[in-house]
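Next come the chains, spelled out residue by residue.
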Amino acid sequence: MIKRRKISITGRVQGVGFRPAVYRIAQSLELSGIVYNDTKGVTVELQGEAEKMAEFLARLQSDADKPPLAVITSCDAVDIPVIESEAEFVIETSDSHGTPQSQVTADIATCRDCLAEMADEEDFRYGYPFINCTNCGPRYSIVKTIPYDRPNTTMSVFEMCDKCAAQYTDVSDRRFHAQPVACSACGPQIRLTDNTGRTISEQTGKVIADAASLLLAGKIVAIKGIGGFHLAVDALNNRAVQRLRRRKKRDHKPFAMMADSIERIKKYAIVDRTAGRLLSSPQSPIVLLPKKPDSPIAPSAAEGVDTYGFMLCYVPLHYLLFAQNIKVLVMTSGNISDEPLICKNEKALERLGDVADAFLMHDREIYRQVDDSILHFVDEQPAFLRRARGYVPTPILMKKSCRQDIFAAGADLKNTFCFAKQNQLICSEHIGDLEDAEVYHHYIDSVEHLRGLFEVEPKIIACDLHPGYLSTQYALSMQNEFFRHPETKPKDLIAGKGEILRFAQNDKASIRVVQVQHHWAHIASVLAEHNLEGPVIGIVADGTGYGTDGAIWGCECLIASLEKFERFGHLSYYSLAGGDKASKEAVRPALSLLRKTYGNKFTLEKFDWLLRRIEPDKSRLQMVSEQLEKDVNCMETSSLGRVFDAVAAMLGLGSYNHFDAQLPMALEAIIEGIEESYDFELINTAGKPLQLDLGKMIRQIIDDIQNDRLPAAISAKFHNTIAAAFLEMTKAARESTKLNTVALSGGVFCNRYLINHLIKQLKQNDFSVLFNRNVPSSDGGISLGQAAIAAHLVSRETVLSTPSE
């Protein structure tokens with residue numbers, strides 16, 4: 001019996017060769033019908049025998065027939081009337097009407113087939129630096145709107161030649177509807193200029209050879225790739241790397257590096273099978289790898305850490321350069337330190353002209369700049385430190401569909417933002433630290449771009465509780481065009497436990513603002529990743545987060561769900577002098593912890609032997625000490641991140657965080673593999689959260705330093721103590737709540753030794769352990785948690801009804 005069915009498919013199904021796969025399966029089964037892209041994904045109308053249609057659906061979702069990059073989220077079929085005259089199966093043009101829900105595919109590394117063709121002298125794309133197909137190449141960075149068709153991308157200005165057009169329209173070809181398809185006759189071109197923009201060479205082969213010669217001579221070359229510019233230099237030339245540091249104004253933070261093969265990377269770093277698979281994946285991220293001893297890599301490329309960040313070549317241009325006898329390059333973001341990544345040719349010359357000696361540019365516009373993603377391994381599983389190229393804007397899916405669109409503003413450090421639309425949580429790429437004016441403007445532009453791409457009209461806005469956060473002020477001001485009503489003012493306070501939510505409402509637009517406590521958002525990000533609502537025992541450790549009591553939190557045990565949280569325990573408060581300076585200058589937390597630990601027995605003179613290695617200027621020591629004594633510009637905090645800073649400084653590893661977590665990273669890097677630990681106390685006071693007191697640990701660290709115990713051993717004992725303290729606090733929470741699932745989040749858990757040690761101990765004590773994998777555990781995951789909490793609240797009509805006066 002002949003039937004006809006309409007099949008609606010959602011997921012990553014545009015720009016990945018999905019329609020040709022549908023066509024080929026339908027043809028092989030002698031089924032008629034049509035297939036087309038729409039704003040939700042792909043729609044198929046299929047006609048034929050019922051048994052063959054069932055086989056079609058099975059094959060469509062099998063690895064043998066499904067395109068390599070395709071991910072099917074849903075596949076729903078309904079019966080529709082048979083069309084008697086239909087005799088063939090055809091691919092129709094896209095339908096751009098409706099609300100965008102289709103996943104925009106992330107940018108993908110060059111596939112093996114394209115690399116083989118680029119190396120084939122008989123192929124008409126031989127040596128062409130923009131070769132691509134439906135299985136690889138730019139996607140998110142060039143798309144302006146969806147559906148993902150060539151007119152909606154920056155490739156629309158390049159008219160295909162006859163050869164490319166023939167492949168583009170041939171359903172049996174690997175480049176059928178590959179939107180960036182091009183060749184040297186019709187597509188983008190490269191050129192090499194000096195730092196004034198004067199052309200050095202334009203012919204492709206000469207451009208590559210000249211650029212490689214400059215790199216091998218120790219010059220700095222700005223190279224335009226998929227998501228923006230890299231600043232490249234020979235990673236084996238220490239003087240060249242130091243020159244790049246000076247010019248880029250990045251004196252300390254480790255540089256990422258690139259090689260053209262895993263075999264090459266193995267000469268410098270330890271690459272196990274799991275790391276090798278991640279390096280060579282279509283996403284091609286930067287992967288943190290243990291350093292090999294006596295590596296010839298320039299020492300200044302990654303000082304003070306025990307890992308290298310390596311990635312493989314991921315665009316054709318990279319491979320062409322490395323074929324010129326280049327071994328390994330530093331490939332760091334093309335910007336001045338802490339500013340947004342540069343993707344425009346003119347701006348690159350303007351901003352990087354004093355940094356780079358030459359510019360390898362091309363004329364394919366980058367519509368959306370995207371940094372490289374960075375991953376490391378937690379519990380032998382890949383986990384993000386930065387989520388960007390190769391992964392964004394792939395959504396995280398919710399079980400329930402959200403009835404109202406949501407915008408989550410994220411945090412101020414390592415910012416990302418997030419939109420919730422229907423059942424999708426769409427996180428932005430890494431934006432950066434909003435305190436930089438250019439980053440803040442980039443943030444605002446990025447919000448508008450992603451909102452427009454997915455046609456999001458937020459009715460709920462989620463942001464941090466911190467009144468000083470720029471992201472919070474942005475959310476509360478609602479002055480962006482799409483919020484439309486800047487006169488919105490806070491009207492009421494709706495309190496859950498610990499006064500966790502603040503709402504603002506605009507009567508005209510019914511827009512509400514939900515202010516979410518920072519550490520609750522961290523745990524919510526873990527719940528969102530694992531599609532859970534909670535409650536769980538949440539352990540959050542970071543540098544700073546505004547608490548519901550006005551203190552700065554940073555070492556918390558929460559009983560948390562997407563609906564509410566309760567503060568079960570925390571690090572005992574200590575006083576920090578100097579506001580934001582305390583996150584940079586280690587002397588401030590060190591002095592505070594010493595004063596708290598030794599009380600009246602503490603004097604600057606008594607601890608001069610220790611403090612002078614942190615701050616040799618006695619007048620500054622006196623100033624900070626007086627601030628603490630007189631409580632001038634001081635704040636109460638439970639920050640664990642600052643404890644790491646203090647201990648690192650006491651061990652002589654540095655006194656200043658030139659970049660985020662520099663001192664904690666140095667402390668982790670020297671760990672000696674021992675199981676010893678220090679003492680600590682859990683203080684249980686009726687009616688108050690459980691408090692972790694580290695006074696005994698501080699005293700014992702001081703004793704070890706005086707007794708000339710090696711810093712590597714002290715670091716190991718310190719880390720072991722923190723893990724043991726978290727374990728005991730978690731066990732106390734289980735005893736109180738009967739919960740057995742633990743969620744770990746916060747920037748301190750970017751420390752691989754600590755989180756792996758803690759996970760091992762928790763599992764040994766029969767806990768189920770969850771942690772961030774799909775977003776960073778740092779503040780880069782905050783927006784996901786904010787959006788997940790707001791999405792859960794949307795489902796509760798009583799909470800989101802108009803607040804009473």
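Before any of the text, the structure's been laid out above.
Residues numbered from 1 in each chain as written. Predicted model: local features only at pLDDT ≥ 70, side-chain atom pairs only at ≥ 80, totals over all residues. Heavy atoms only, no water.

Asker: I tried to follow the nonpolar core on my own but got confused; where do I start?
Answerer: Generally speaking, nonpolar side chains in soluble globular proteins are found buried as a group. With 100 residues, the main nonpolar core has Phe18, Val44, Leu46, Phe56, Leu360, Phe407 and Tyr443 as its most contacted residues. It is helix H11 (residues 437-454) that provides the largest number of residues to this core, a total of 7 residues. When sequence neighbours within four positions are dropped, the list of residues in contact with Val44 reads Arg5, Lys6, Ile7, Ile9, Val22, Ile34, Val35, Phe56 and Phe89. Counting 72 residues, the second largest nonpolar core, distinct from the first, contains Cys555, Ala649, Leu692 and Val769. (Core = buried A, V, L, I, M, F, W, Y, C linked by side-chain atoms within 4.5 Å. Buried < 20%, exposed > 50% of the residue type's maximum accessible area, 1.4 Å probe, protein only. Helix = DSSP H or I, 4+ residues; strand = E, 2+ residues; numbered from the N terminus. Contact = heavy atoms within 4.5 Å.)

Asker: I tried to follow the packing of aromatic side chains on my own but got confused; where do I start?
Answerer: Ring pairs (aromatic) are described by centroid distance and by the angle formed between their planes. A complete count under the given rule lists 18 aromatic pairs for this structure. Relative to Phe749, the ring of Phe726 has its centre 5.8 Å away and its plane inclined at 45°; by these criteria the two rings are tilted. With a gap of 23 residues between them, Phe726 in helix H20 (residues 711-737) and Phe749 in the loop between strand S30 (741-745) and helix H21 (752-764) connect regions that are remote in the sequence. Grouping residues by exposure puts Phe726 and Phe749 together as buried. For Arg245, the ring lying beneath its charged end belongs to Phe255, and the centroid distance is 4.0 Å. Over the ring of Phe767 we find Arg734, and its NZ or CZ is 3.8 Å from the ring centre. (Phe/Tyr/Trp six-rings, centres within 6.5 Å; stacked < 30°, edge-to-face > 60°. Lys NZ or Arg CZ within 6 Å of the ring centre and 35° of its normal.)

Asker: Can you help me understand the sheet that holds strand S15 (residues 374-378) in this one?
Answerer: Note: strands within a sheet are paired through backbone hydrogen bonds, in either parallel or antiparallel orientation. The sheet built from 11 strands is open, its strands ordered S7-S6-S14-S8-S9-S13-S10-S12-S11-S15-S16 with mixed pairing. What marks the edges here is a single partner per strand, and that holds for strand S7 (199-201) and strand S16 (381-386). Averaged over all adjacent pairs, the angle separating strand axes in this sheet is 35°, with direction ignored. As paired strands, S15 and S16 are joined by 5 bridges and run antiparallel to one another. Following the sheet pairing, Val378 is matched in S16 by Gln381. Together, strand S6 (190-194), S7, strand S8 (221-224), strand S9 (229-234), strand S13 (329-333) and strand S14 (358-362) form the strand contacts of helix H5 (residues 204-216), whose direction differs from that of S6 by roughly 40°. (Pairing = 2+ DSSP bridges. Axes fitted to C-alpha atoms, helices over the stretch in contact; angles between N-to-C directions.)

Asker: Is there a simple way to think about helix H16 (residues 618-630) in this case?
Answerer: Spacing of three or four residues puts side chains on the same side of an α-helix, whose turn is 3.6 residues. For H16, spanning 13 residues, the distance from its first C-alpha to its last is 18 Å, which sits close to the expected 18 Å at 1.5 Å a residue. Among the residues of H16, Leu621, Val624, Ser625, Gln627 and Leu628 are the ones counted as buried. In a view along the axis of H16, the buried residues occupy a sector of 155°, so they form one face of it. Opposite its buried face, H16 presents the exposed residues Lys618, Glu629 and Lys630, each directed more than 90 degrees away. Tucked into the core, H16 has its buried residues touching strand S26 (574-577), helix H14 (587-598), helix H15 (608-611) and strand S27 (634-637). Of the residues trailing H16, Asp631 is marked for its positive phi of about 55°. (Expected span 1.5 Å × (residues − 1). Arc of directions from axis to C-beta.)

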